[in-house]
Amino acid sequence: MTTVPTEPTAAAAGANATAHFTSDKNPYEAVKDVPPSRVDTLAKRVLSAIHDTIREEKVTYEEYNALKAWLIQVGEDGEWPLFLDVWVEHVVEEVATEHREGSKGTIEGPYYVPDAPECAVNGVGTIPMRDDEQGTRLTWTGTVTATDGTPLENAKVELWHADNDGFYSQFEPSQPQWNLRGTFSVGEGGRFEITTIQPAPYQIPTDGSCGKLIAAAGWHAWRPAHLHVKVSAPGYELLTAQLYFPGDEHNDDDIASAVKPELILDPKPVGDGTATVDYGFVLDPAKG
Ligand code: MBD
Ligand code: FE
């Protein structure tokens, strides 16, 4: 994926998120393998939830047509990834990970890009950032272990997050390609030490269809500041998580319902305007 939007608009970010998702053929291949009985069950249940809502709320033709127009617009804006990841993914994640004994995870969201540059030597490194990158410097130490306590020396931590203005590289035009995106292979004992900046709270685009829904319903568009991670090791389940900062006013009302108490960091100010934080990960062995 090399397309970078030319404007910081909802349609530009949406088109890019859609292009990233569609460039991954796996979801499309998987569709062929879903047995008809499963499609029948799921499609009927979703439709019947819609039918119940229409009957109980006495939905009018005006409202039905407004829905039709809005759904068409979501596609035209490329905002299906945003819509689904904000309002649906958290329940999929809950179901997918309920068997786990290791670290809690949460949703991936629409802005992950695979294969970010390796940044660590012996587990220690700094994420790519601009010379004048704004935001509190954060030095983050931790360890990746298995649920039985074994340190996982083959683990890697992929980290991506927004800048101090709440924008993600590759989905908005002003940042270098891999800005605030990096892969950190851990060192001895599964240890890592990552230097980055603390991101800002993120407002989902207000000028697209998701923004229209938010405004029409009288909701707010904010997610708390967050760091995204994928933690992986051969033979272990992939952990996708986000880490949050204490005191963020949106930790309690995240529009994407993706905050869990276990995911809130405890950073300590160092005194020179930087902060340190210790937070590690425990991975579940892969089944089968
Ligand atoms: C984000 O940055 C995000 O993480 C999610 C889940 C949805 C929209 C924007
Ligand atoms: Fe995010």
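Residues numbered from 1 in each chain as written. Chains lettered and ligands numbered in written order. Predicted model: local features only at pLDDT ≥ 70, side-chain atom pairs only at ≥ 80, totals over all residues. Heavy atoms only, no water.

1. So, the site of ligand 1
Step number 1: Around ligand 1, the neighbouring residues are Leu82, Val86, Ile107, Gly109, Pro110, Tyr111, Tyr168, Tyr202, Arg223, His226 and His228.
Step number 2: Contacts to ligand 1 include His226, whose side-chain N or O atom sits 3.2 Å from an oxygen atom.
Step number 3: Between ligand 1 and the protein, one listed contact pairs an oxygen atom with a side-chain N or O atom of His228 at 3.0 Å.
Step number 4: For ligand 1, the accessible surface in isolation is 260 Å², of which the surrounding protein chains cover 100%. (Near = heavy atom within 4 Å. Polar contact = N/O pair within 3.5 Å; in protein donor to acceptor, adjacent residues only side chain to side chain. Areas by Shrake-Rupley, 256 points an atom, 1.4 Å probe, with all protein chains shown as cover.)

2. Quick notes on the layout of surface pockets
Step number 1: Computed from the structure, the largest pocket encloses a volume of approximately 1,100 Å³.
Step number 2: Contributing to the lining of the largest pocket are 36 residues, with Phe21, Asp85, Glu89, Glu108 and Gly109 lying nearest its centre.
Step number 3: Of all the secondary-structure elements, those providing two or more residues to the lining of the largest pocket are α1 (10–23), α5 (80–87) and α6 (89–96).
Step number 4: Top element by residues in the lining of the largest pocket is α1. It accounts for 6 residues.
Step number 5: Taken as a whole, the second largest pocket spans an internal volume of roughly 770 Å³.
Step number 6: At the level of elements, α3 (36–57), α4 (61–76), α5 and α7 (209–217) are the ones that each hand at least two residues to the lining of the second largest pocket.
Step number 7: The biggest single contributor to the lining of the second largest pocket is α5, with 4 residues. (1 Å grid on protein atoms, 1.4 Å probe; cavity = no way out; pocket = protein on both sides within 12 Å on 5 of 7 lines; lining within 4 Å. Points joined across faces, edges and corners; volume = space filled by probe spheres on them. Helix = DSSP H or I, 4+ residues; strand = E, 2+ residues; numbered from the N terminus.)

3. Notes on the packing of aromatic side chains
Aromatic ring pairs are defined here through the distance separating the ring centres and the angle between the ring planes.
Step number 1: Tallying each qualifying case throughout the model produces 15 aromatic pairs.
Step number 2: When the ring of Phe192 is compared with that of Phe281, the centres are 6.3 Å apart and the planes differ by 20°; the resulting orientation is stacked. A residue pair is termed long-range when its members are at least 10 positions apart, and Phe192 in strand β6 (residues 191–197) and Phe281 in strand β13 (residues 281–283) qualify at 89 residues.
Step number 3: For Phe281, a relative accessible area of 1% corresponds to the buried category.
Step number 4: Taken together, the ring pairs connect Trp70, Trp80, Phe83, Trp87 and Trp219 into an aromatic cluster.
Step number 5: Lying across the ring of Tyr112, Lys230 places its NZ or CZ 4.8 Å from the centre. (Phe/Tyr/Trp six-rings, centres within 6.5 Å; stacked < 30°, edge-to-face > 60°. Buried < 20%, exposed > 50% of the residue type's maximum accessible area, 1.4 Å probe, protein only. Lys NZ or Arg CZ within 6 Å of the ring centre and 35° of its normal.)

4. Some remarks on the UniProt feature "domain: Catechol dioxygenase N-terminal" (unreviewed entry) in the protein chain
Step number 1: Residues given the UniProt feature "domain: Catechol dioxygenase N-terminal" (unreviewed entry) here are residues 38–103.
Step number 2: Across residues 38–103, helical content stands at 79% and strand content at 0%; the span's end C-alpha atoms are separated by 30 Å. (UniProt positions renumbered as here; feature names shortened; annotations may be inferred.)

5. With respect to the pairing of strand β3 (residues 137–146)
Within a regular strand, the side chains alternate between the two sheet faces.
Step number 1: Of the strand pairs in this sheet, β3 and β6 are connected by 7 bridges, and their pairing is antiparallel. Bridge pairing in β6 links Thr139 to Thr195.
Step number 2: Note: β3 against strand β12 (residues 275–278), 4 bridges, orientation parallel. Paired with Leu138 across the bridge in β12 is Ala275.
Step number 3: Taken together, the 3 bridges between β3 and β13 define a ladder with parallel strand orientation. Of the residues in β13, the one forming a bridge with Val144 is Phe281. (Pairing = 2+ DSSP bridges.)

6. A word on the pattern of salt bridges
Step number 1: Under the definition given, this model contains 9 salt bridges.
Step number 2: In this structure, the salt-bridge partner of Lys230 is Glu108, at a minimum N-O distance of 2.7 Å. Here Lys230, found in strand β9 (residues 226–232), pairs with Glu108, found in the loop between α6 and β1 (120–121); they are 122 residues apart in sequence, far enough to count as distant.
Step number 3: Ionic pairing is found between Asp266 and Lys268, a salt bridge with its closest N-O pair at 2.8 Å.
Step number 4: You can call Lys268 partly exposed: its relative accessible area is 45%. (Salt bridge = Lys/Arg side-chain N within 4 Å of Asp/Glu carboxyl O.)

7. Considering a nonpolar patch on the surface
Step number 1: Taken together, the side chains of Val46, Leu47, Ile50, Ile54, Val59, Tyr61 and Tyr64 define a hydrophobic patch exposed on the protein surface, amounting to about 660 Å² of accessible area.
Step number 2: At 4 residues, the largest contribution of residues to the nonpolar patch is made by α3.
Step number 3: As for its position among the elements, Val59 is in the loop between α3 and α4.
Step number 4: Look at Val59 and you get partly exposed, because its relative accessible area is 33%. (Patch = residues over 30% accessible without salt bridge, like charges linked within 9 Å, V, L, I, M, F, W, Y side chains within 5 Å.)

8. Topic: the pairing of strand β4 (residues 156–161)
Step number 1: Among the 6 residues that make up β4, 5 are buried, leaving the element largely enclosed by the rest of the structure.
Step number 2: Looking at chain direction, β4 and β9 are connected through 6 bridges and run antiparallel. Following the sheet pairing, His161 is matched in β9 by Leu227.

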